[in-house]
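What follows is each chain in one-letter form.
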Amino acid sequence: MTRKMRNANLPKHRDWRGNQRRHSRADQYRSILGNGGRSAETADLGKMLSCAILYITMGLFSFSPKGRLGIDIGTSSIKIVELAKESNRFKLSNYGAFELDPGEDKMVSKLSNADIIGGIKQILSTTGMTARDAVASVPSFQTFSTTITMPQLSERELAKAIPFEARKYIPVPLTEVQLDWAVVNEKDVFLVAVPKEEVNRYREIMKGAGLDLRALELENFALIRSIVGNDLSPICILNVGGRSTSILIVENGFQRASHDYEIGGYEITSAIARSLGVNIKRAEEMKKSLGMRNISDNIIKEAVVSLINSMILEVNKTIQNYEDVKKSKIVKIFLVGGLANMPDILLYFSEKLGRTVSFGNPIARVVMPAGIDPLRLSLNLSFAVSIGLAMREI
Ligand SMILES: Nc1ncnc2c1ncn2[C@@H]1O[C@H](COP(=O)(O)OP(=O)(O)OP(=O)(O)O)[C@@H](O)[C@H]1O
Ligand SMILES: [Mg+2]
């Protein structure tokens, strides 16, 4: 259903207030919705979370009056980055994560609103983040998106025509979703539908955390912004998270295909636990220390290799399919997400795919404050979505 995109114009879209804007290619996507309103009544600050926290860490320092927050509520953790804009460049002010004990077998994104609010507040207070403007993401698997062809119409006409057209593509009643779109070029419109329930949930969470939700957008869009930037070549981004792996194909800076595969770090840890008869906590430690290291008798590699192979099979299928249909060659593959930190997983992906795979490098577009090691890989890999969110124009 996707069409070859012409490059002539940068896409136009409306911001959440309805004003038409023209963004740079890296920032071509609109938010799904607008504001939640600053602060108001917040959840009980002293409320104990009903779940064990693994860690809240990593506060930096600087005070940033014009900063904004990128908030990624994933299945295994909440990750927040605070960026400040200084003479047109983004500077990292602060970052922090809230992660559940993997032994708890809970998903952060499925916790109660009050617990998620508590988690966000803990990151903010522990790290001393001061920005209140927030951009948050919705995981792609909770959304429906596609590219449709429309005649050239004004913004106002499009606003009327798209809901009619969207009925053909959105498998649920339009009254249940928040519909949004970005004009890609003269013909193509990228359509996104997010369940209203989800949108309202994010509004409530951000409001409860005392934040001003300035934009809510698809996780993939944030990744395109932080990993791809203005690169127009055909690129594949693999985001291997806690419970899922998303395979995203981007060409001309625009999402062309995506596939979500429901295996992530948690299944890898569970496979280690099962195979070695250890508890989840121990399995998690072993995964992080040994991973896919190419050493003799690596029992961890043996325990997880079939799962990793199945993941690679999915990646290969998605890439092959795209290349066959679009007659286009994927020239770069970037690996991000928490599991990308697993020892030697990059090497294994490269070998098995028979293609060069590199780590995504979102901090390449961000000025790092003195004292922070720019090569700090876990920041780069785990915070790729939140960095992209915080880079969004609001
Ligand atoms: N050093 C490491 N080695 C191996 N695995 C790691 C390492 N650091 C984090 N992980 C794994 O990464 C996973 C979490 O990744 P990430 O933070 O991207 O998930 P998420 O965004 O919460 O999940 P999702 O995107 O699926 O909603 C966990 O399974 C965790 O064990
Ligand atoms: Mg994630």
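Conventions used here
Residues numbered from 1 in each chain as written. Chains lettered and ligands numbered in written order. Predicted model: local features only at pLDDT ≥ 70, side-chain atom pairs only at ≥ 80, totals over all residues. Helix = DSSP H or I, 4+ residues; strand = E, 2+ residues; numbered from the N terminus. Buried ≥ 20, exposed ≤ 12 C-beta atoms within 10 Å, placed from the backbone. Contact = placed C-beta atoms within 7 Å. Pairing = 2+ DSSP bridges. Axes fitted to C-alpha atoms, helices over the stretch in contact; angles between N-to-C directions. Arc of directions from axis to C-beta. Near = placed C-beta within 6 Å. Nonpolar A, V, L, I, M, F, W, Y, C, P; charged D, E, K, R; others polar. Core = buried A, V, L, I, M, F, W, Y, C linked by C-beta atoms within 7 Å. pLDDT = per-residue confidence, 0-100. Right-handed = clockwise from strand over helix to strand, strands pointing away. Parallel < 35°, antiparallel > 145°, perpendicular 65-115°, else oblique. Left-handed = near helix turned anticlockwise from the far one by under 90°.

Caption draft 1: Spotlight on the overall build of the chain. Along the chain, the regular secondary structure elements total 10 helices and 17 strands. Here the chain, with 394 residues, has 44% of them falling under the buried criterion. If you take every contact in the chain between residues at least 6 apart in sequence, the share linking residues at least 24 apart comes to 70%.

Caption draft 2: Here's a closer look at the pairing of strand 10 (residues 188-195). Most of strand 10 sits inside the fold, with 7 of its 8 residues counted as buried. Pairing between strand 8 (residues 144-149) and strand 10: 6 bridges, direction antiparallel. For Ser-145, the partnering residue across the bridge sits in strand 10 and is Val-192. Pairing of strand 9 (residues 177-183) with strand 10 involves 7 bridges; the strand directions are antiparallel. Its bridge partner being in strand 10, Val-183 is matched across the sheet by Val-189. Hairpin connection of strand 9 to strand 10: 4 residues between the antiparallel strands.

Caption draft 3: Spotlight on the sheet that holds strand 9. The 3 strands lie next to each other as 8-10-9, forming an open sheet whose pairing is antiparallel. Edge strands, defined here as strands with exactly one partner in the open sheet, are strand 8 and strand 9. Geometrically, the sheet is characterised by an average inter-axis angle of 25 degrees between neighbouring strands, direction not taken into account.

Caption draft 4: Molecular detail of helix 8 (residues 345-353). Taken together, the buried positions of helix 8 are occupied by Ile-345, Tyr-348 and Phe-349. The arc that holds the buried residues of helix 8, viewed along the axis, is 100 degrees, so those residues lie on one side. The elements touched by buried residues of helix 8 are helix 7 (299-326), strand 15 (332-336) and strand 16 (357-359). Directly beyond the C-terminal end of helix 8, a positive phi value near 65 degrees is found at Gly-354.

Caption draft 5: Examining the site of ligand 1 more closely. Lining the immediate surroundings of ligand 1 are 23 residues, of which Gly-74, Gly-241, Gly-242, Gly-265 and Gly-338 lie closest. A breakdown of the residues in the shell around ligand 1 according to their chemical character gives 4 nonpolar, 15 polar and 4 charged.

Caption draft 6: A look at the sheet that holds strand 16. Within the open sheet, the 5 strands sit side by side as 14-13-12-15-16. Their pairing is mixed. The open sheet is flanked by strand 14 (254-261) and strand 16, the only strands paired with a single partner. Along the sheet, successive strands turn relative to each other by an average axial angle of 25 degrees, direction set aside. The pairing of strand 12 (residues 235-240) with strand 13 (residues 245-251) spans 6 bridges and is classified as antiparallel. Across the sheet, the residue bridging to Ile-235 is Val-250, located in strand 13.

Caption draft 7: Geometry of the nonpolar core. Of all hydrophobic cores here, the largest spans 101 residues; its most connected members are Ile-78, Ala-136, Cys-236, Ile-237 and Ile-272. Ranked by residues supplied to this core, first place goes to helix 7 with 8 residues.

Caption draft 8: How the structure looks around the confidence of the model for the chain. Of all residues in the chain, 82% attain a pLDDT of 70 or more, and the chain-wide mean is 82. Note on residues 1-64: pLDDT is under 50 here. Beyond four places in sequence and across chains, it has 152 contacts.

Caption draft 9: Examining the pairing of strand 15 more closely. With respect to burial, strand 15 is a largely interior element, 4 of its 5 residues being buried. Sheet topology note: the strand 12/strand 15 ladder contains 5 bridges and is parallel. In the sheet register, Asn-239 faces strand 15, and the bridge partner there is Val-336. Judged from the 3 bridges that link them, strand 15 and strand 16 form a sheet pairing that is parallel. Among the inter-strand pairings, Ile-333 is bridged to a residue of strand 16, identified as Val-357. Handedness of the crossover joining strand 15 and strand 16 through helix 8: right-handed.

Caption draft 10: Inspection of the packing of helix 5 (residues 265-276) against helix 6 (residues 280-289) at higher detail. Packing of helix 5 against helix 6 brings their axes to within 8 Å, and their N-to-C directions diverge by 110 degrees. Of the possible angle classes, the one that applies to helix 5 and helix 6 is roughly perpendicular. Helix-helix and strand crossings are classified by hand; for helix 5 and helix 6 the assignment is right-handed. Seen from helix 5, the contacting residues are Ile-268, Thr-269, Ile-272, Ala-273 and Leu-276; seen from helix 6, they are Ile-280, Ala-283, Glu-284, Met-286 and Lys-287. Across the contact of helix 5 with helix 6, the residue classes break down as 7 nonpolar, 1 polar and 2 charged.

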